[in-house]
Amino acid sequence: MLGEFLNAVSAVVVLLMLMAVGYIMGRLGWMTKAEKGFISKFIVNIAVPCNCITGLLNNLDHDSLLQAGLMVASAMVGVAVTLALCLLLAKLLRLPQERWGVFVAMAAFSNTLFIGLPVSTQLFGDVCVPYVMIYYLANTIFTQSVILMLVERSGTASHSRGIKGFLKDVFTKPPILTVIASVLMLIVGFRPPEVFMSFAKYISGSVSPLALIYCGFIIYELGLSNLRPSQLRQMKGLPTMLAARLVISPLICAGMCRLFGITGLAYQVFVVESALPVVSQVTVMAGDFGADDKYAATGATLSTLACFITIPVLMVLMG
């Protein structure tokens, strides 16, 4: 029991250390707004698509994809229910435009791969990887489409579009196209040449550290003094977001697993994956689309800090 608790704590500490790198680079002047813009575009348009390719094609195949259909359905329904609840919460909170989409993206979606994979493997070992990827597949269908829509619509560059404009915009994004292509390749049993897979593996390895370093730099821009309770009270909705992300989401996931008959290690992995901090991409995309990236960075930081407590407690509760 104590070992599980300490493993969970150490996994979260690593994430905080990566964020600290971005903060220190900002303090030393090694990272400025110019580097910040480059990192944002690199992650969204190059690194994340490569991560999708390697994550899906290296951990799933045609047969396992078919066998995992029930698990995928369970995860998708859980994420959809959480998303619907978060949309309702955002409406009730009456958040301003530059924050409402960021709030929903933070509250509804967990960092299932960039943070979830190292956390889960440290907690359960490499045997959990297929279940992580199954949950990741279900979650990615939403995160690589809905997050883009939500955050972009909250940004200064957002424009009101009809359904045709929305579909054209969403399905021309590199992450979306990559997820669709990867699933199709799994279905038909096609695998790109190994030289390309090696290239994608190298690039994908940069996603998690760069996203967390970016987030750490945003915290530097924000200033740690703004994390004081008096300042946080001005950021309406963050306590509700934390409750939805770290408490309500895993409860919904656990209920869906019970409903679909998902038990054992798969159940434990799914619940942990649903209880992770805010997706790193939210902060990156908020900066890229002109939404409130400080609000996103604060939410990401708070959820990571809170995870220092909730994940170990969750492991103890699951026994």
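### Topic: the overall build of the protein
Reasoning step 1: Looking only at helices and strands, one finds 17 helices and 0 strands in the protein.
Reasoning step 2: Taking all 319 residues of the protein together, the buried fraction comes to 53%.

### Quick notes on the nonpolar core
Reasoning step 1: If you look at the biggest cluster of nonpolar residues, it comprises 107 residues, and the most contacted ones within it are Phe103, Met106, Phe109 and Val282.
Reasoning step 2: Looking at this core element by element, the count peaks at 11 residues for helix α2 (residues 33–57).

### Describing empty space enclosed by the protein
Reasoning step 1: For the coordinates displayed, the defined rule picks out 3 cavities of 30 Å³ or more.
Reasoning step 2: Approximately 60 Å³ is the volume attributed to the second largest cavity.
Reasoning step 3: Every residue lining the second largest cavity is listed: Gly78, Val79, Thr82, Ala108, Phe109, Ser110, Tyr135, Asn139, Arg245, Ser249, Cys253 and Ser274.
Reasoning step 4: Those elements giving two or more residues to the lining of the second largest cavity turn out to be α4 (69–93), α7 (129–143) and α14 (238–260).
Reasoning step 5: A class-by-class count of the residues in the lining of the second largest cavity yields 5 nonpolar, 6 polar and 1 charged.

### Thoughts on the pattern of salt bridges
Reasoning step 1: Under the definition given, this model contains 3 salt bridges.
Reasoning step 2: Two residues, Arg99 and Asp292, come together in a salt bridge whose shortest N-O distance is 2.8 Å. Taken together, the residues span a long stretch of sequence, with Arg99 in helix α5 (residues 97–108) and Asp292 in the loop between α16 (280–289) and α17 (293–318) at a distance of 193 residues.
Reasoning step 3: Its relative accessible area of 16% is what places Arg99 among the buried residues.
Reasoning step 4: Arg191 serves as the salt-bridge partner of Glu194, at 2.8 Å between the closest nitrogen and oxygen.
Reasoning step 5: Look at Glu194 and you get partly exposed, because its relative accessible area is 48%.
Reasoning step 6: Arg191 gets classed as partly exposed once you look at its relative accessible area, which sits at 36%.

### Observations regarding helix α10 (residues 174–188)
Reasoning step 1: Taking 1.5 Å per residue as the helical rise, α10 with its 15 residues ought to reach 21 Å, and the 21 Å between its terminal C-alpha atoms agrees with that figure.
Reasoning step 2: Among the residues making up α10, those that are buried are Pro175, Ile176, Thr178, Val179, Ser182, Met185 and Leu186.
Reasoning step 3: Looking one or two residues past α10, Gly189 carries a phi angle of roughly 80 degrees, positive in sign.

### What to know about α14
Reasoning step 1: With 23 residues, α14 ought to run about 33 Å at 1.5 Å a step, and its terminal C-alpha atoms sit 32 Å apart, in line with that.
Reasoning step 2: Three or more residues of α14 are buried, namely Leu238, Met241, Ala244, Arg245, Leu246, Ser249, Pro250, Ile252, Cys253, Ala254, Met256 and Cys257.
Reasoning step 3: Buried residues in α14 make contact with α4, α5, α7, α15 (264–274) and α17.
Reasoning step 4: Two residues or fewer after α14 comes Gly261, characterised by a positive phi angle close to 75 degrees.

### Comments concerning the side chain of Asp292
Reasoning step 1: With relative accessibility at 16%, the residue Asp292 sits in the buried group.
Reasoning step 2: Polar contacts involving the side chain of Asp292 include one to the main-chain amide nitrogen of Tyr295, which spans 3.0 Å.
Reasoning step 3: Other than its neighbours up to four places away in sequence, Asp292 contacts Glu98, Arg99, Val102 and Ala286.

### A closer look at a nonpolar patch on the surface
Reasoning step 1: A cluster of nonpolar side chains, namely Val13, Met17, Phe308, Ile309, Val313 and Leu317, defines an oily patch on the protein surface of about 570 Å² accessible area.
Reasoning step 2: Only α1 (2–28) and α17 provide two or more residues apiece to the nonpolar patch.
Reasoning step 3: Of note, Leu317 is situated in helix α17.

### Some words on the layout of surface pockets
Reasoning step 1: Estimates place the volume of the largest pocket at around 290 Å³.
Reasoning step 2: If you go around the largest pocket, you meet 15 residues; those closest to its centre are Asn51, Leu113, Leu117, Ser204 and Gly205.
Reasoning step 3: Among the secondary structure elements, those contributing two or more residues to the lining of the largest pocket are α2, α6 (116–124), α11 (194–204) and α12 (207–222).
Reasoning step 4: The element contributing the most residues to the lining of the largest pocket is α2, with 3 residues.
Reasoning step 5: Of the residues assigned to the lining of the largest pocket, the class counts are 6 nonpolar, 8 polar and 1 charged.

### Some details on the confidence of the model for the protein
Reasoning step 1: When pLDDT is averaged along the protein, the result is 82, and 90% of the positions lie at 70 or above.
Reasoning step 2: Within the protein, the lowest mean pLDDT, 58, falls on helix α9 (residues 163–170), and the highest, 94, falls on α14.

### Concerning the packing of aromatic side chains
Reasoning step 1: Applying the stated criterion across every chain, the model contains 5 aromatic pairs.
Reasoning step 2: Arranged with centres 6.0 Å apart and planes meeting at 80 degrees, the rings of Tyr23 and Tyr220 form a pair that is edge-to-face. Of this pair, Tyr23 sits in helix α1 while Tyr220 sits in helix α12, placing them 197 residues apart in sequence.
Reasoning step 3: Pairing Tyr135 with Phe270 gives two aromatic rings, centres 5.3 Å apart and planes at 65 degrees, and the pair type is edge-to-face.

### Re the packing of α16 against α17
Reasoning step 1: At a minimum axis distance of 8 Å, the contact between α16 and α17 shows a crossing angle of 170 degrees. By the angle between their axes, α16 is roughly antiparallel relative to α17. For the pair α16 and α17, the contacting residues are Val282, Thr283, Ala286 and Gly287 in the first and Asp293, Ala296, Ala297 and Ala300 in the second.
Reasoning step 2: Residues belonging to the contact of α16 with α17 are distributed by class as follows: 5 nonpolar, 2 polar and 1 charged.

Basis of the calculations
- Residues numbered from 1 in each chain as written.
- Predicted model: local features only at pLDDT ≥ 70, side-chain atom pairs only at ≥ 80, totals over all residues.
- Heavy atoms only, no water.
- Helix = DSSP H or I, 4+ residues; strand = E, 2+ residues; numbered from the N terminus.
- Buried < 20%, exposed > 50% of the residue type's maximum accessible area, 1.4 Å probe, protein only.
- Core = buried A, V, L, I, M, F, W, Y, C linked by side-chain atoms within 4.5 Å.
- 1 Å grid on protein atoms, 1.4 Å probe; cavity = no way out; pocket = protein on both sides within 12 Å on 5 of 7 lines; lining within 4 Å.
- Points joined across faces, edges and corners; volume = space filled by probe spheres on them.
- Nonpolar A, V, L, I, M, F, W, Y, C, P; charged D, E, K, R; others polar.
- Salt bridge = Lys/Arg side-chain N within 4 Å of Asp/Glu carboxyl O.
- Expected span 1.5 Å × (residues − 1).
- Contact = heavy atoms within 4.5 Å.
- Polar contact = N/O pair within 3.5 Å; in protein donor to acceptor, adjacent residues only side chain to side chain.
- Patch = residues over 30% accessible without salt bridge, like charges linked within 9 Å, V, L, I, M, F, W, Y side chains within 5 Å.
- Areas by Shrake-Rupley, 256 points an atom, 1.4 Å probe, with all protein chains shown as cover.
- pLDDT = per-residue confidence, 0-100.
- Phe/Tyr/Trp six-rings, centres within 6.5 Å; stacked < 30°, edge-to-face > 60°.
- Axes fitted to C-alpha atoms, helices over the stretch in contact; angles between N-to-C directions.
- Parallel < 35°, antiparallel > 145°, perpendicular 65-115°, else oblique.

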